[in-house]
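Coordinate analysis (summary)
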Amino acid sequence: MKYSAVILAAGKGVRMHSQMPKVLHRIAGKPMIWYVVKAVKEAGIDDITVVVGHGRELVEETLSGENLHFVVQEQQLGTGHALMQAQGSVNPDHTLVVLAGDTPLLEGKTIKKLLDFHRQQQVRAIVLSGLLPDPYGYGRIIRQADGGLERIVEEKDASPDEKKIAEINTGMYCFQAGAVFAALSRLDRSNVQGEYYLTDVLPILKNDGHQVAVLATDEIDQIHGINDRVQMAQAEAIIRQRHNRELMKNGVTVMAPETTFIDSSVKIGMDTVIYPFTIIEGETSIGQNCTIGPYTHINDSSIGNDVAIESSRVKEARISNHCNIGPFAYLRPEAELQDNVKVGDFVEIKKSIIGAGSKIPHLSYVGDAILGKQVNIGAGTITCNYDGKKKHRTILEDRVFIGSNTNLVAPVTIGEDSMTGAGSTITRDIPANTLAVERAEQRHIRKMRKSNPGE
Ligand code: UD1
Ligand code: CA
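All values derive from a computational prediction rather than experimental measurement.

**Topic: the site of ligand 1**
With respect to spatial proximity, 24 residues lie near ligand 1, and among them Gln73, Gly78, Thr79, Glu154 and Asn169 are the closest. Leu8 is positioned such that a nitrogen or oxygen atom in its backbone is 2.8 Å from an oxygen atom of ligand 1. At 2.7 Å, a side-chain N or O of Glu154 approaches an oxygen atom of ligand 1. If ligand 1 stood free it would expose 750 Å²; the protein chains cover 89% of that surface. Broken down by secondary-structure element, the contributors of at least two residues to the shell around ligand 1 are strand 1 (3-9), helix 3 (79-84) and strand 10 (167-176). Residues belonging to the shell around ligand 1 are distributed by class as follows: eight nonpolar, 12 polar and four charged.

Below, the structure is given as structure tokens:
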């Protein structure tokens, strides 16, 4: 059997009150619809069409690289109308899974159950339902006396009695593709919202004598549709919990999952310990045996093995193995630390390479610099990299020792094994093996005797 999927994602998401299309709002670092695509692929379906409309360029751009087909729904006339737009893109002989782009909690296993059920029951259409304690806002499943599906009624069209029904339409379906597209052409807009409801296709198929079934799921966490930012925050909590759990199952210690925020895209190696109050975002990878946090915020960085980072901010940086960072360090974009580097308290590093074994232990700013191996930077050292117009480079060769409170006025190069005296302002290059001191002689001036007020 060949499978296809259509994801409906043309709607604006009015209830989000946002400029951005709803399906692009991010949950644990990834757009909502990304999770739906991931679930479909996990279920083994790779022929995927996305129906786009609102903000379509942005949606297509965000999902480029996922190998999807896009079809456009110019006017958002309802979910049934949205699926109609995909007719040319789906093989009529295929089994078709239809999903909404706003159900990010869905996982591959639930789609697989839908497909298995379709295979066993040999029916034309299946709708996935679920029992929700608070069904408000969802379409309700109206069953016949014999338990079979009669129809689905939307919240806005439902009578007070129908609103009491707790069994809801998840908006996830499995169809025989040819049959559903044939039936879609017969939808009308006779409902409160004046829309073509996809849900109305089920009674049409039934009246034509086709088998239509309801599959009830008890995995309530999988089915929530996100219509506003409150529901989005609830989904975020669930997705983060799942990712934390997966990390823990793979050998990462997350000491306090409830205070730890790790994006879905983050990879972490075995025996790494994440201390409380830590945020790790974006395309970040962390190796084995690290200790991260407490109070550390990292995004889009790569971190090797055996690295310790305490109470620090790390932003688009690259850190090799056995480095020791913080507390209170700030690594900015293009900071690159090679093996065994120490970066201590109140040190800021930007766009600089710090060679293996080098140390910047306290109170320094290092920007646009290249440090060789085993360089030692004394407390309070500043690279003066900016002249008001341009940024300039500082080069410190292997084993350079910078005395405390040195100003390195770039562009400047210090040759290997050289030193600067504490408090020097270095404006000229220093050759290798040289001590440079730039300091006025210390003078001692005798204080005047205080005059006696009685005199
Ligand atoms: C829909 C179902 C409802 C179900 C709920 C599950 C219908 C009529 N109702 O309601 O029974 O309980 O999902 O979450 O199907 N979309 C388009 N084009 C449109 C309209 C919508 O692409 O013209 C897309 C939206 O972008 C969204 C999805 O379809 O991703 C669902 O639309 P939405 O407006 O959220 O439907 P609900 O009111 O939640
Ligand atoms: Ca919805």
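**Remarks on the side chain of Thr278**
Residue position: Thr278 is located in strand 16 (residues 278-281). Exposure remark for Thr278: the relative accessible area of 0% places this residue in the buried category. Here the side chain of Thr278 touches Tyr275 through a polar contact of 3.0 Å, landing on its backbone oxygen. Separated by 3.4 Å, the side chain of Thr278 and the backbone oxygen of Pro276 make a polar contact. Beyond its immediate chain neighbours, meaning those up to four positions away, Thr278 contacts Thr259, Thr260, Phe261, Ile292, Gly293, Pro294, Tyr295 and Thr296.

**Focus on the coordination of the calcium ion (ligand 2)**
In the first shell of the calcium ion (ligand 2), the protein supplies Asp102 (OD) and Asn227 (OD1), at 2.5 to 2.6 Å from the metal. One end of the pair, Asp102, is in the loop between strand 6 (95-100) and helix 4 (108-121); the other, Asn227, is in the loop between strand 11 (212-217) and helix 8 (229-249), with 125 residues separating them in the sequence.

**Thoughts on the sheet that holds strand 26 (residues 335-337)**
Sheet architecture is open: nine strands sit in the order 14-17-20-23-26-28-30-33-36, paired in parallel fashion. Each edge of the sheet is formed by a strand with only one pairing partner; in this case those strands are strand 14 (267-268) and strand 36 (412-414). Bridge count for strand 23 (residues 318-319) against strand 26 is two bridges, and the pairing is parallel. Residue pairing across strands places Arg318 opposite Glu336, the latter belonging to strand 26.

**Re the pairing of strand 8 (residues 140-143)**
The two faces of a sheet get side chains in turn, since along a regular strand they alternate between them. In this structure, strand 8 lies alongside strand 9 (residues 149-153), joined through four bridges in antiparallel fashion. Counterpart to Ile142 in the pairing with strand 9 is Arg151. What sits between the antiparallel neighbours strand 8 and strand 9 is a turn of five residues, in which Gly147 has the positive phi angle 95°.

**Observations concerning a nonpolar patch on the surface**
Taken together, the side chains of Phe401, Met419, Leu435 and Val437 make up a nonpolar region of the molecular surface, amounting to roughly 360 Å² of accessible area. By the element assignment, Leu435 lies in strand 39 (residues 435-436).

**Points about the domain arrangement of the protein**
For the protein, the assigned domains read domain 1 (3-222) and domain 2 (247-436). Each of domain 1 and domain 2 has a C-alpha centre, and the two are 49 Å apart. The partner domain 2 presents four residues to the five residues of domain 1 that form the contact. Summing the contributions of domain 1 and of domain 2, the shared interface buries around 300 Å²; its carbon and sulfur component is 48%. Together, Ala28, Gly29 and Lys30 form the three largest contributors to the area buried by domain 1 at its contact with domain 2, with a combined 82%. Scanning the region where domain 1 abuts domain 2 turns up one salt bridge. Of the charged contacts, one joins Glu283 and Lys30 as a salt bridge, the two residues approaching to 3.4 Å between their closest N and O atoms. Linking domain 1 to domain 2 there are three residue pairs in polar contact (both at pLDDT 80 or more). Of the residues contributing to the side of domain 1 that touches domain 2, the split by class is three nonpolar, one polar and one charged.

**What to know about the packing of helix 1 (residues 32-42) against helix 4**
Two elements in contact, helix 1 and helix 4, have axes separated by 7 Å at closest approach and are oriented at 50°. Taken together, the axis directions place helix 1 and helix 4 in an arrangement best described as oblique. Judged by the twist between their axes, the crossing of helix 1 over helix 4 is right-handed. Residue-level inspection shows Ala39, Val40 and Glu42 of helix 1 in contact with helix 4, the latter providing Gly108, Ile111 and Lys112. Looking at the contact of helix 1 with helix 4 residue by residue, the classes come out as three nonpolar, one polar and two charged.

**Things to note about a negative patch on the surface**
Where like charges cluster on the molecular surface, the negative patch consists of Glu281, Asp300, Glu316 and Glu334. If you trace the backbone, Glu316 turns up in the loop between strand 22 (313-315) and strand 23.

Criteria and cut-off values
- Residues numbered from 1 in each chain as written.
- Chains lettered and ligands numbered in written order.
- Predicted model: local features only at pLDDT ≥ 70, side-chain atom pairs only at ≥ 80, totals over all residues.
- Heavy atoms only, no water.
- Near = heavy atom within 4 Å.
- Polar contact = N/O pair within 3.5 Å; in protein donor to acceptor, adjacent residues only side chain to side chain.
- Areas by Shrake-Rupley, 256 points an atom, 1.4 Å probe, with all protein chains shown as cover.
- Helix = DSSP H or I, 4+ residues; strand = E, 2+ residues; numbered from the N terminus.
- Nonpolar A, V, L, I, M, F, W, Y, C, P; charged D, E, K, R; others polar.
- Buried < 20%, exposed > 50% of the residue type's maximum accessible area, 1.4 Å probe, protein only.
- Contact = heavy atoms within 4.5 Å.
- Donors = N, O, S within 2.8 Å, 3.2 Å for Na, K, Ca; no water.
- Pairing = 2+ DSSP bridges.
- Patch = residues over 30% accessible without salt bridge, like charges linked within 9 Å, V, L, I, M, F, W, Y side chains within 5 Å.
- Salt bridge = Lys/Arg side-chain N within 4 Å of Asp/Glu carboxyl O.
- Domains from an automatic or database assignment.
- Buried area = accessible area lost by both parts, 1.4 Å probe.
- Axes fitted to C-alpha atoms, helices over the stretch in contact; angles between N-to-C directions.
- Parallel < 35°, antiparallel > 145°, perpendicular 65-115°, else oblique.
- Left-handed = near helix turned anticlockwise from the far one by under 90°.
- Lys, Arg positive; Asp, Glu negative; His and termini not counted.
- Charge placed at Lys NZ, Arg CZ, Asp CG, Glu CD.

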